[in-house]
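For reference, the chains in residue letters:
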Amino acid sequence: MMLSALPLEISAQEMPALTLASKEQVEKLLSRWKEHFKGAETLRDRRSAFRRFMESLPEPTRVQIRHVDADGVDAELVWPARLHHPIGRRVILFIHGGGFYSGSIRTHHLIAGSLAKAASSDVLLMDYRLTPEYSYPAQVNDALTAYRWLLDSGYSNGNIVVIGDGAGGNLALEAVLRQMRSRQPLPAAVVALSPITDLSASGASVTANAANDPVLDKDALDVLRKAYLGNNSATDPNISPLYADLSGFPPLLLQVGSGELLLDDTLRLADKAHKAGVDVTTQVWPGMPHQWQLFPSVLDDADKAGQKIAEFAIAHFADPPAQ
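As a starting point, this report considers the structure included with it. (Residues numbered from 1 in each chain as written. Predicted model: local features only at pLDDT ≥ 70, side-chain atom pairs only at ≥ 80, totals over all residues. Heavy atoms only, no water.)

1. Structural notes on empty space enclosed by the protein
So, step 1. Under the counting rule described, the total for this entry stands at four cavities of 30 Å³ or more.
So, step 2. Residue lining of the largest cavity: 19 residues in total, with Gly-98, Gly-99, Tyr-101, Leu-216 and Gln-291 positioned closest to the centre.
So, step 3. When residues of the lining of the largest cavity are traced back to their parent elements, those giving at least two are α1 (20–37), α2 (43–55) and α7 (218–229).
So, step 4. Residues that form the lining of the largest cavity fall into these classes: 11 nonpolar, seven polar and one charged.
So, step 5. In this structure, the second largest cavity encloses a volume near 50 Å³.
So, step 6. Lining the second largest cavity are Ile-111, Ser-114, Leu-115, Gln-293, Pro-296, Ala-302, Asp-303, Gly-306 and Ile-309.
So, step 7. Contributing elements (two or more residues each) for the lining of the second largest cavity: α3 (109–119) and α9 (300–316).
So, step 8. Of the residues forming the lining of the second largest cavity, the biggest block, four residues, is contributed by α9.
So, step 9. When the residues that make up the lining of the second largest cavity are grouped by side-chain class, the tally is five nonpolar, three polar and one charged. (1 Å grid on protein atoms, 1.4 Å probe; cavity = no way out; pocket = protein on both sides within 12 Å on 5 of 7 lines; lining within 4 Å. Points joined across faces, edges and corners; volume = space filled by probe spheres on them. Helix = DSSP H or I, 4+ residues; strand = E, 2+ residues; numbered from the N terminus. Nonpolar A, V, L, I, M, F, W, Y, C, P; charged D, E, K, R; others polar.)

2. Side note on unusual backbone geometry
So, step 1. Cis geometry marks the peptide bond from Thr-131 to Pro-132, where omega comes out at 0 degrees.
So, step 2. Summarising the element assignment, Pro-132 is placed in the loop between β4 (122–126) and α4 (138–152).
So, step 3. The phi dihedral of Arg-183 falls on the positive side, at around 55 degrees, and the residue is not glycine.
So, step 4. When you line up the elements, Arg-183 lands in the loop between α5 (167–181) and β6 (189–193).
So, step 5. When its relative accessible area of 79% is taken as the criterion, Arg-183 is described as exposed. (Buried < 20%, exposed > 50% of the residue type's maximum accessible area, 1.4 Å probe, protein only.)

3. Considering the sheet that holds strand β2 (residues 73–80)
So, step 1. One open sheet holds the eight strands; their spatial order is β1-β2-β4-β3-β5-β6-β7-β8, and the pairing between them is mixed. At either end of the open sheet lies a strand with only one pairing partner, and these are β1 (63–70) and β8 (280–285). When strand polarity is set aside, the average angle formed by the axes of neighbouring strands in this sheet is 20 degrees.
So, step 2. Relative to strand β7 (residues 252–257), α9 is tilted by about 170 degrees, and along the sheet it contacts β5 (160–165), β6, β7 and β8. (Pairing = 2+ DSSP bridges. Axes fitted to C-alpha atoms, helices over the stretch in contact; angles between N-to-C directions. Contact = heavy atoms within 4.5 Å.)

4. Re the packing of aromatic side chains
So, step 1. Enumeration according to the criterion identifies seven aromatic pairs in this entry.
So, step 2. Judged by centre distance (5.2 Å) and plane angle (75 degrees), the ring pair of Trp-33 and Phe-53 falls under edge-to-face. Placement of Trp-33 in helix α1 and of Phe-53 in helix α2 is noted, with a sequence separation of 20 residues between them.
So, step 3. Take Phe-53: its relative accessible area is 0%, and that puts it in the buried class.
So, step 4. An angle of 85 degrees between the planes, with centres 6.0 Å apart, marks the rings of Phe-53 and Phe-295 as edge-to-face. Here Phe-295 lies in the loop between β8 and α9 and Phe-53 lies in helix α2, a separation of 242 residues in the sequence. For the pair formed by Phe-53 and Phe-295, the shared burial category is buried. (Phe/Tyr/Trp six-rings, centres within 6.5 Å; stacked < 30°, edge-to-face > 60°.)

5. Digging into the pattern of salt bridges
So, step 1. Evaluation of the coordinates by the stated rule reveals 10 salt bridges.
So, step 2. Note that Glu-59 and Arg-106 form a salt bridge whose closest N and O atoms lie 3.1 Å from each other. Of this pair, Glu-59 sits in the loop between α2 and β1 while Arg-106 sits in the loop between β3 (91–95) and α3, placing them 47 residues apart in sequence.
So, step 3. A relative accessible area of 23% places Arg-106 in the partly exposed class.
So, step 4. Asp-142 is paired through a salt bridge with Arg-129; the nearest N and O atoms lie 2.9 Å apart. Of the two residues, Asp-142 sits in helix α4 while Arg-129 sits in the loop between β4 and α4, which places them 13 residues apart along the sequence.
So, step 5. Judged by its relative accessible area of 9%, Asp-142 falls in the buried class.
So, step 6. For Arg-129, a relative accessible area of 35% corresponds to the partly exposed category.
So, step 7. Beyond isolated ion pairs, a larger network of salt bridges with shared partners links Arg-44, Arg-47 and Glu-133. (Salt bridge = Lys/Arg side-chain N within 4 Å of Asp/Glu carboxyl O.)

Structure (structure tokens):
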């Protein structure tokens, strides 16, 4: 089964033009990125390189953090350090990326803290079991467990927004699809940042942008998807949300960089969601690399993207923060 890239019936939102200052910021960041990943051959090597790179960034400021056990899933609850903030009213479940094999609570502290402040919301930043030690469905199981723990902890589903980047975007989509199929309470909205939606890697951009994406290359994509899939089919809708029935899915925000390997993973999902009647917003950001949103205060466009995400979350919370 193969879905070809189709022209979108919806218009992607016009994003800010890439400024010279922003371009220089990206180039500087990517130069450091390449240094950290030099010689990283295996998944475990790349996991360590990603951890070291993200640990070189500053910790978030003006937030409070508490470790929680989300029904067996390790997580941290992050919230703005403001006395008037009503803890427990609204929450973002953030599912980190890293190709299913890397990433952690620590690697995504900065974006979690930034979103907590921008959306005046709690953020549950969760860990999940990684490949190659664990393959599908361990990761989706952990994501869904964390979501249901939020419901059990007193958060209304109308005040929960689920967000994930890269592989975490896949898990965000699949966890909500599983919740939908079981006819249980759905979140207010979902945000997927450059998500992996097609584990068969059939999108035209996988080849067309192979030379343009400095963060995720085709060989790395092949290795990570094989480790995640195990003996399962790459076009199983429980694994690749591009092949799922999206009818009834919550409002969806998609962000992706214009030159990404995974560009078509986003555009084809947006097209399919739109045809299924989903309220979908698509943002294609000029010149941005995979996972650029992880670098608020480092990249101007990460700050802008984070603000767009926060505005989307606030617009869909049943109890939005007072302005």
